[in-house]
Amino acid sequence: NSNNVIVWTMYNPNSVKQVKSLNKKADSIIKNIIKKGMNKKQKLKTIHDYIVKNCSYDMMAEEKIKIGKKTYYNKKKLDEYSHSAYGAIILKKAVCDGYSHAFDLLCYKAGIPSVFIGGKGHGWNMVQIDNAFKYIDVTFDDPVIINKINPKNPFAPAKNTKPSYKYFLISSKQLKKDHYFYSKDSYDSDTHTEKW
């Protein structure tokens, strides 16, 4: 809002070398996946699909997982890189903010405005397309199917390589059905398009 500024880091690597390797990889990805003549929606879909297909959800974020009647408890700590674009792009495992920061970085490299949105316990993105702002939640479009998790290693990164498009370019009205903003004034694309 007009009184507060929240700063989110796009990536949180520990060295200049890691920043350089992340940028080099992001440049390479964009060069390989974005084709001449693509419109903005096609570019967004291509970036969305790349992340879904190449990043695994880091199950270490879960405190416990229930499979059938058995509950497994996590005794390990989530890797800090899983919250970053570095985790999603270089290490190929992340949680929601890692997915979202990776999406932002790749959009930036493709020349598309994108904003990371942090909600209550989750992160996603807002993009400008056709003079409007829409939401994309790459994490929710890379669903983790708990029933397919290996009971021998339930906290291994979970992957579904088939992208969903349920959360691709949707309105805030659609998003608010299961996403929670920090406040009613936070990044509401339906009411703040002109402001943005």
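Given the structure is predicted, the values throughout are model-derived calculations rather than measurements.

Colleague: Mind showing me how you'd approach the confidence of the model for the chain here?
Modeller: In regions of low pLDDT, the predicted coordinates are not meant to be interpreted in detail. Taken residue by residue, the chain gives an average pLDDT of 83. The fraction at 70 or more is 82%. Per-element confidence in the chain is highest for helix H2 (residues 40-54), whose mean pLDDT is 97, and lowest for helix H6 (residues 189-192), whose mean pLDDT is 44. Counting interchain partners and residues more than four positions distant, the pLDDT-below-50 stretch residues 187-196 has 24 contacts.

Colleague: In this structure, what is going on with the pattern of salt bridges? I would like to understand it.
Modeller: Close approach of charged atoms allows side chains with opposite charge to pair. Evaluation of the coordinates by the stated rule reveals three salt bridges. Notably, a salt bridge pairs Asp 58 with Lys 93, separated by 4.0 Å at the nearest N-O pair. With Asp 58 in the loop between strand S1 (56-57) and strand S2 (64-67) and Lys 93 in strand S4 (residues 93-94), the pair connects residues that are 35 residues apart, well separated along the chain. Overall, the relative accessible area of 26% leaves Lys 93 in the partly exposed class.

Colleague: In this structure, what is going on with the environment of Leu 105? I would like to understand it.
Modeller: Mapped onto the fold, Leu 105 is located in helix H4 (residues 96-109). Put simply, Leu 105 and Asn 23 are 82 residues apart on the chain and 8.6 Å apart in space, counted from C-alpha to C-alpha.

Colleague: Is there a simple way to explain the side chain of Ser 84 in this structure?
Modeller: Here Ser 84 lies in the loop between strand S3 (70-73) and helix H3 (85-91). Under the relative-accessibility criterion, Ser 84 is labelled buried at 1%.

Colleague: Looking at this structure, I do not really get H4. What am I missing?
Modeller: Every α-helix carries 3.6 residues per turn, so stepping three or four residues along brings you back to the same face. The first and last C-alpha atoms of H4 sit 20 Å apart over 14 residues, in line with the 20 Å expected at 1.5 Å per residue. Of all 14 residues in H4, 12 are buried; the element is thus mostly enclosed. Taken residue by residue, H4 has Cys 96, Asp 97, Gly 98, Tyr 99, Ser 100, His 101, Ala 102, Phe 103, Asp 104, Leu 105, Leu 106 and Cys 107 as its buried positions. Where H4 terminates, the next one or two residues include Gly 111, which has phi positive at roughly 80°.

Colleague: Explanation requested: the sheet that holds strand S5 (residues 114-119) in the structure shown.
Modeller: The pairing of strands in a sheet comes from backbone hydrogen bonds and takes either a parallel or an antiparallel form. With antiparallel pairing, the four strands of this open sheet are ordered in space as S5-S6-S7-S8. On the outer flanks of this sheet lie S5 and strand S8 (168-170), each paired with one strand and no other. Between one strand axis and the next, the sheet turns through 40° on average, direction left out of account. Summarising the sheet, S5 and strand S6 (residues 122-129) pair through six bridges and their orientation is antiparallel. Across the sheet, Gly 119 pairs through a bridge with His 122, a residue of S6. The strands touched by H2 are S6, strand S7 (132-136) and S8; relative to S8, the strand with the most contacts, the crossing angle is about 125°.

Colleague: What is the right way to look at the nonpolar core in this model?
Modeller: Nonpolar side chains in soluble globular proteins tend to be buried together. By size, the foremost hydrophobic cluster in this structure holds 43 residues, and its most contacted members are Leu 44, Ile 47, Ile 51, Phe 103, Leu 106 and Ile 136. At the level of elements, helix H1 (16-33), H2, S2, H3, H4, S6 and S8 are the ones that each hand at least two residues to this core. Ranked by the residues each element gives to this core, the list is headed by H4, at six residues. With nine residues, the next largest nonpolar core counts Trp 124, Met 126, Phe 133 and Phe 181 among its residues.

Colleague: Hey, could you run me through the pairing of S6 in this one?
Modeller: Consecutive residues of a regular strand have side chains that alternate between opposite faces of the sheet. By the criterion of burial, S6 is predominantly enclosed, with seven of the eight residues buried. In this structure, the hairpin formed by S5 and S6 is closed by a connection of two residues, where Gly 121 is found at a positive phi of approximately 80°. As paired elements, S6 and S7 share five bridges and run antiparallel to each other. Within the sheet, the bridge partner assigned to Ile 129 lies in S7 and is Ala 132.

Colleague: Help me out: how do you make sense of the packing of aromatic side chains in this one?
Modeller: Inspection of the entire model under this criterion finds four aromatic pairs. Aromatic pair Phe 140 and Tyr 167: ring centres 5.2 Å apart, planes at 85°, arrangement edge-to-face. Taken together, the residues Phe 140 in the loop between S7 and S8 and Tyr 167 in the loop between S7 and S8 connect sequence positions 27 residues apart. Phe 140 sits in the partly exposed class, given a relative accessible area of 32%. Measuring from centroid to centroid gives 6.1 Å for Tyr 165 and Phe 168, while their planes differ by 80°, and the two rings are edge-to-face. On the basis of relative accessible area, Tyr 165 is assigned to the partly exposed category, the value being 35%. Owing to a relative accessible area of 11%, Phe 168 belongs among the buried residues under this scheme.

Quick notes on the rules
Residues numbered from 1 in each chain as written. Predicted model: local features only at pLDDT ≥ 70, side-chain atom pairs only at ≥ 80, totals over all residues. Heavy atoms only, no water. pLDDT = per-residue confidence, 0-100. Helix = DSSP H or I, 4+ residues; strand = E, 2+ residues; numbered from the N terminus. Contact = heavy atoms within 4.5 Å. Salt bridge = Lys/Arg side-chain N within 4 Å of Asp/Glu carboxyl O. Buried < 20%, exposed > 50% of the residue type's maximum accessible area, 1.4 Å probe, protein only. Expected span 1.5 Å × (residues − 1). Pairing = 2+ DSSP bridges. Axes fitted to C-alpha atoms, helices over the stretch in contact; angles between N-to-C directions. Core = buried A, V, L, I, M, F, W, Y, C linked by side-chain atoms within 4.5 Å. Phe/Tyr/Trp six-rings, centres within 6.5 Å; stacked < 30°, edge-to-face > 60°.

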